[in-house]
Amino acid sequence: MGAQTERQGDEPDRGTLVTPSAEFPPLGPEEQAALGRIGERWQTPRHADELPVDPTLGRNRPGPAPSRFGRLAPINMFTVEEPDELCATGPAHEPGSRTGRVLTRLRRTLFGPPLSSSAVLYERMRKLIALPILSSDLLSSVAYGPEAMLVVLVLAGSGALGLSLPLAAVLVVLMIAVGLSYRQTIPAYPHGAGSYIVAGDNLGTTAGLAAAAGLMLDYVLTVSVSIAAGVSAITSAMPGLTPFTVPLGVLVIAVLLAGNLRGVRTAGNIFVLPTYAFVAAVLAVLVVGYARAAARGFAPVPPPPVPAAEGLGLLLVLRAFSSGAVSMTGIEAVSNAIPAFRPREWRNARTTLGWMVTMLVVLFAGLIGLIHLNGLVPRPDQTILSQLGRLTFPTGPWYAFLQAATALILLLAANTAFNDFPRLLFFMARNGHAPRRFLHLGDRLSFNNGLVALAVAAALIFVAFRGHTASLIPLYAVGVFLAFTLSQAGMVVHWRRHRDRGWRRRLVLNAVGATLSGLVLVTAAIGKFAQGAWLVVIAVPTLVLLSRGIHRHYARLDDNLTLHPPPSPGPTSGNAPRGPGGSAEGERLPQEVRHLVVVPVARLNRASLRAMAYAASLGQPTLAVHIAPEDAEADRFRDQWRAWGDHLRLETIVSPYRAVIGPLAHYLEALHATRPELTLTVIVPEVVLRHRWHRLLHSRAEQRLRAALRALPGVVVTSVPVHVAE
């Protein structure tokens, strides 16, 4: 099913809305009806309101006196918001241990205090903030996109550099076509027009997942390539830092992660100035450069002679074209982040995208033309933008300003990926195609799990390629243009289905965008296959299969957990096995539950006696089990048991090989297999230690037993704690 067809109930836009409640989806109409029918048959031995404590925590009287655990119990940690609702205050979120409180204070110092769930409505971006956040990737790519194209052309000798102008003209047409296509995609999907949603809604699940896989790879590579290009700009100006390329890149990724963990608005304020500074610096280079070219009649300077390493053929030209197309990466960022804008979201997003595409065309075309007029060729020791800056500003502070602005925007261009990658995972998780932990909003209303996943993946790739931009570029274009192609093709299907006013014109525009993007996709996949694009060609279907596997798992889980109406009671229904395979896990009514309580007892002391007293107080059949290493110890324990009074049924098991957990777990499994309709409750006495290092002095058998029984259906393991006073 597509991204929208998998939504539940009557919420057509449920899969695109970003709310803190996404982790708790509502019940569908059928489950709601089943819940009511189950409730009608629910029988409890006492009235629901007959509780030994006041669940309102005595909201009309003073709270309990402070105790040694007072940080967790005071009533002032909860306030009354509605008649039947308590609200946890700030102190209620503080951990109880001193170490936990110190770590919490450190985290809040680094990332800021937590934000209320209601603040999600205000953690939005206005256009002037959204433009630098979402365009940093797109605009920064002009710092390495033209050079990536020229690096391929110069393989055929300096004479082939003249092809940069016609190739740039085709790329400008592609930029405008794709930009206009996304501009009309935004109002068609006003709650989020990401390629995953558009392709999945119109072309099916596989197409949507393929687009998502391409985008995920693009976002990870955006971080790696941007950081690599930014560090390269720094080392071009300060060659002494070249040996520290990898540590510098990893450090920048960590700083970007920390900045984004502080929230959308805070991150936006951090990244505003570098983007605008870069645009101003490049515009200054273009103005001064073209003024000097006009003074000499726009006569191009011949490039220095470069011997040809390859013949000039169609394949080389296509490789150069696809390399230059990386200047378009990031053009889809706005359509993915529509919910992050202030109302009206889609209108502000469309306006921001228009500004971005306009600036991209001006900067890209201007730089290609100026590079051609000055006869520059790529050099291994200096970026071509650095060469242009030195030529344009031979004296004064302007060259340093250009390099600093370039380095900053390249380093911070990865922020576009940090904004969109977690949001993509959120949408996928809503549809069950990604782990549901990516639905969680952190303290600062940011998708912490998605941010950390992106940072780790990008750092691994950056380290693996040792920060070489030229090695990463071949991996870059395939994923993003796959997403472009599927998104635009999906919009063609969308217009054919809906046939709104002017749908033919919109369909043609999206068809042009899909065709041009598809050509770049095929060109990049073929032309750069041997240079590393094969990794992406393999990774995309692998991610699609992984996403489908995740979806199958969640589908099976939901099928097992979905509420169904209870069967009609029959004459023998009271004793009939219920649930899968006759298991007690199928029981949903208290009168259907049949208990057997088992208490493992190693020795008779205060902990075991408390556990047995707790078990007997439940009023259910109770069995004590003792594991003895030899017959003599078993006899001694039975003598102690009779001295205690033999109040519970005791079963002694001799384990001649001295193992405890294995024989006990298998014995409990045998009990469960004998009567699978029974709910087997294992009550384990547990000594609670005051200090963590004391755990090294104990076997922690209760945790090992819990792990051994976790896979057994119909078994409940609970512990009765006994605190050690020190």
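Parameters and conventions
Residues numbered from 1 in each chain as written. Predicted model: local features only at pLDDT ≥ 70, side-chain atom pairs only at ≥ 80, totals over all residues. Heavy atoms only, no water. Pairing = 2+ DSSP bridges. Helix = DSSP H or I, 4+ residues; strand = E, 2+ residues; numbered from the N terminus. Axes fitted to C-alpha atoms, helices over the stretch in contact; angles between N-to-C directions. Contact = heavy atoms within 4.5 Å. Core = buried A, V, L, I, M, F, W, Y, C linked by side-chain atoms within 4.5 Å. Buried < 20%, exposed > 50% of the residue type's maximum accessible area, 1.4 Å probe, protein only. Parallel < 35°, antiparallel > 145°, perpendicular 65-115°, else oblique. Left-handed = near helix turned anticlockwise from the far one by under 90°. Nonpolar A, V, L, I, M, F, W, Y, C, P; charged D, E, K, R; others polar. pLDDT = per-residue confidence, 0-100.

J.: An account of the sheet that holds strand E4 (residues 622-628) is requested, with residue identities and associated values reported.
T.: One open sheet holds the five strands; their spatial order is E5-E4-E3-E6-E7, and the pairing between them is parallel. For this open sheet the edge positions go to strand E5 (649-654) and strand E7 (715-723), each flanked by a neighbour on one side alone. Adjacent strand axes in the sheet meet at a mean angle of 25° when their direction is disregarded. Each of strand E3 (594-600), E4, strand E6 (678-688) and E7 touches helix H21 (residues 606-617); the most contacted strand, E7, lies at about 130° to it. Strand contacts of helix H24 (residues 701-709): E3, E6 and E7, with the helix running at about 155° to E6, the strand carrying the most contacts.

J.: Can you lay out the nonpolar core for me, pointing to particular residues and giving the numbers?
T.: Ranked by internal contacts, the top residues of the largest apolar core, which has 148 residues, are Leu134, Val223, Ile227, Phe418, Met428 and Phe481. A total of 18 residues in this core trace back to one element, the largest contributor, which is helix H7 (residues 205-237). The residues contacting Ile227, other than those within four sequence positions of it, are Gly249, Val252, Ile253, Leu256, Leu410, Leu411, Ala414 and Phe462. In this structure, Val625, Ala665, Leu712 and Val715 belong to the second largest nonpolar core, which totals 19 residues.

J.: Account for the packing of helix H5 (residues 164-188) against helix H19 (residues 503-527), with residues named and values stated.
T.: Look at H5 against H19: their axes get within 9 Å of each other, and the N-to-C directions meet at 130°. One element, H5, and the other, H19, form an angle in the oblique class. Considering how the two elements wind past one another, H5 and H19 form a crossing that is left-handed. Seen from H5, the contacting residues are Leu174, Ala177, Val178, Leu180, Ser181, Gln184 and Thr185; seen from H19, they are Arg506, Leu509, Asn510, Val512, Gly513, Leu516, Ser517 and Val520. Residues of the contact of H5 with H19, tallied by class, amount to eight nonpolar, six polar and one charged.

J.: Can you tell me about the confidence of the model for the protein chain, naming the residues and giving the values?
T.: Confidence in the prediction for the protein chain averages 79 pLDDT; 81% of positions are at 70 or higher. Scored below 50 in pLDDT, residues 1-16 makes 36 contacts in the model with residues more than four places away or belonging to other chains. Ignoring residues within four places in sequence, the model shows residues 571-581, a span with pLDDT below 50, making ten contacts including any to other chains.

J.: Talk me through the packing of H7 against helix H16 (residues 448-464); I want residue IDs and the actual numbers.
T.: Between H7 and H16, whose axes approach to 8 Å, the crossing angle comes to 55°. Here H7 is positioned oblique relative to H16, judged by the angle of their axes. When you trace H7 past H16, the crossing you get is right-handed. Only Leu454, Ala457, Ala458, Ile461 and Phe462 of H16 make contact with H7, whose side of the interface consists of Tyr219, Val220, Leu221, Val223, Ser224, Ile227 and Ala228. Tallied by class, residues from the contact of H7 with H16 come to eleven nonpolar, one polar and no charged.

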